[in-house]
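# Close look at the chain arrangement
Given next are the chains, with one letter for each unit.
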Amino acid sequence: MTGRGIRMFEGVDLWTVLLYAAIVVAGWISIASASYDEEAAELFSLSHFYMKQLVWIGIAWIMALVVLLLDERFYHMLAYPAYIAGLGLLLAALLFGREVNGAKAWFELGAMRVQPVEFAKIATALALARVMSDYSFSIDRPGDLMKVVWVICLPLFIIVLQNDTGSGIVLGSFLFVLYREGLNKWLCIPVLLIAALFIVSFLLSPMTLLVILILVCTFSEAMMNGQWRSRIVYLAVLALLSIVLCLVMHFVVPGKLDLYGSLLVVTFLSLIFVAVYAFRANLRNIFIVMGLFVGAMIFLPTTDYIFNSILKEHQRNRILSFLGIVSDPLGTDYNVNQAKIAIGSGGWTGKGFLQGTQIKYGFVPERHTDFIFCTVGEEWGFLGTVFVLALLCLLILRLMRMGERQEEPFGRIYCYCVAAILLFHVLVNVGMTIGLMPVMGIPLPFMSYGGSSLIAFTILLFIAVRLDASTRQFSLHKF
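Just so it is clear, the model here is predicted, and its values are computed rather than measured. (Residues numbered from 1 in each chain as written. Predicted model: local features only at pLDDT ≥ 70, side-chain atom pairs only at ≥ 80, totals over all residues. Heavy atoms only, no water.)

### Describing unusual backbone geometry
With phi around 70°, Phe-446 is a residue other than glycine that occupies positive phi space. Relative to the helices and strands, Phe-446 is located in the loop between α17 (409-433) and α18 (451-477). Here Phe-446 falls in the buried class, since its relative accessible area comes to 3%. (Helix = DSSP H or I, 4+ residues; strand = E, 2+ residues; numbered from the N terminus. Buried < 20%, exposed > 50% of the residue type's maximum accessible area, 1.4 Å probe, protein only.)

### Structural notes on the packing of aromatic side chains
Scanning all chains against the criterion turns up ten aromatic pairs. For the pair Phe-49 and Tyr-449, a centre-to-centre distance of 4.9 Å together with 70° between the ring planes defines the contact as edge-to-face. A residue pair is termed long-range when its members are at least 10 positions apart, and Phe-49 in helix α2 (residues 49-69) and Tyr-449 in the loop between α17 and α18 qualify at 400 residues. Taken together, the aromatic side chains of Tyr-20, Phe-446, Phe-457 and Phe-462 make up a single cluster linked through ring pairs. (Phe/Tyr/Trp six-rings, centres within 6.5 Å; stacked < 30°, edge-to-face > 60°.)

### Some remarks on the sheet that holds strand β1 (residues 98-100)
Paired through backbone hydrogen bonds, the strands of a sheet run either parallel or antiparallel to each other. Pairing in this open sheet of three strands is antiparallel, and the strands run β1-β2-β3 from one edge to the other. Every other strand in the sheet has two partners, leaving β1 and β3 (112-114) as the edge strands with one partner each. For this sheet the average axis-to-axis angle between neighbouring strands, irrespective of direction, equals 50°. Relative to strand β2 (residues 103-109), β1 is paired through three bridges, and the arrangement is antiparallel. By the bridge assignment, Val-100 is partnered in β2 with Ala-103. (Pairing = 2+ DSSP bridges. Axes fitted to C-alpha atoms, helices over the stretch in contact; angles between N-to-C directions.)

### Topic: the pattern of salt bridges
Scanning the model with the defined rule gives twelve salt bridges in all. For the salt bridge of Arg-73 with Asp-71, the shortest nitrogen-to-oxygen distance reads 3.0 Å. Take Arg-73: its relative accessible area is 57%, and that puts it in the exposed class. For Asp-71, a relative accessible area of 33% gives the class partly exposed. Of the charged contacts, one joins Arg-180 and Glu-404 as a salt bridge, the two residues approaching to 2.8 Å between their closest N and O atoms. Here the residue Arg-180 occupies a position in helix α7 (residues 175-180), and Glu-404 occupies one in helix α16 (residues 372-404), the gap between them amounting to 224 residues. Taking the relative accessible area as the measure of exposure, Glu-404 reaches 42% and is therefore partly exposed. (Salt bridge = Lys/Arg side-chain N within 4 Å of Asp/Glu carboxyl O.)

### A word on a nonpolar patch on the surface
Where nonpolar side chains cluster on the molecular surface, the patch consists of Leu-240, Ile-243, Val-244, Leu-247, Val-248, Phe-251, Val-252, Val-253 and Leu-259 and spans about 830 Å² of accessible area. The element best represented in the nonpolar patch is helix α10 (residues 228-252), accounting for seven residues. Residue position: Leu-259 is located in helix α11 (residues 259-281). (Patch = residues over 30% accessible without salt bridge, like charges linked within 9 Å, V, L, I, M, F, W, Y side chains within 5 Å. Areas by Shrake-Rupley, 256 points an atom, 1.4 Å probe, with all protein chains shown as cover.)

Limitation: the analysis is restricted to geometry and does not speak to function.
Here it is as structure tokens:
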């Protein structure tokens, strides 16, 4: 009891806690089935993955209790120091960490491994909530929007350098949070399309990439401001001037400037007039779209280098396999093919606990970590997978509801950050097991084996629960 007579856990959303516990238990059962060894002498030895996970579950629940006991104002004050510490840990892992599966993103402490990127997600979510909850913050102001971009991109850049791209792109899910906080929906479209363009950029010619970028940015800006006619005229003028410049250069200095170079020169020169027009008409959105275009044009030429020189061979093969360019059933496609077989063989009700042949005999690699969903599909069947996905979806929807009832923007933004991170993990992890996403090292929240991910996800979730509990306590006692 406190001085005001408020009980310690008053206001805690019980349904969220129950959903969390149910998912964790379902995950542990799946890990036990995926890692069970019939020939093992000691069933309760800590050498088994399911016993190690049981220890991590106990530690995670203790951490959840600690998070609930701390005052909610602590997390607001902790945001910036945690963010700086998170960046420091990422840099330390990059410089001194252990390389696992091609990613130098782990600390090894004896027999225990810690992946700091999981905790960096918490720090980034807190920092983003702190920046966007500032009294003077406006998402329509380009300067404030750039603050948000820096908060997200700094850890993303370090994670990419660690060669842990799968974990890094999780931070892209914060676009969902920006949309909820008022970012123009037509501005989200070019961001998503440009991100998709990066994935396939090494397959397209520079001319095709430039034309697509111009069309995407121009039409997105036209949707924002509702001025289609002038934008179509702008595109027509760009095309005409580019052709004229190309023809003139062909006769004056043959071979020095082709159509791509002409379009590039004309486009960048036109940005001067576009900037003047936007300033006089007070159209801030144009400046944001221009920034996206220029940033994309600067970064796109490096994608070929990144694909061929930075990405590992298995990462390149995964992307090419996902795009259908290469096929290697016994190599790159093996994991996904076996995952599909395992899930499909489960039928409606599954084969039963410890009865999954694809899992039991090791046909599915990483069956207790990244491909844990295959265990659910084979042993629990269609009904079991629907049940697990329903639990995860209900938890995400619960977080969104918690965010909507927050009276302070900090709590609302943080709750939506948590919901976005969980949603991205679920979509990518489940998607890659059924062939709808390229294979990435992204765990299924609260279910995949691993102490770092379980503890980090638990802290991430229960900070939101604590912020929500504070709001509900205030609502109950303000009168």
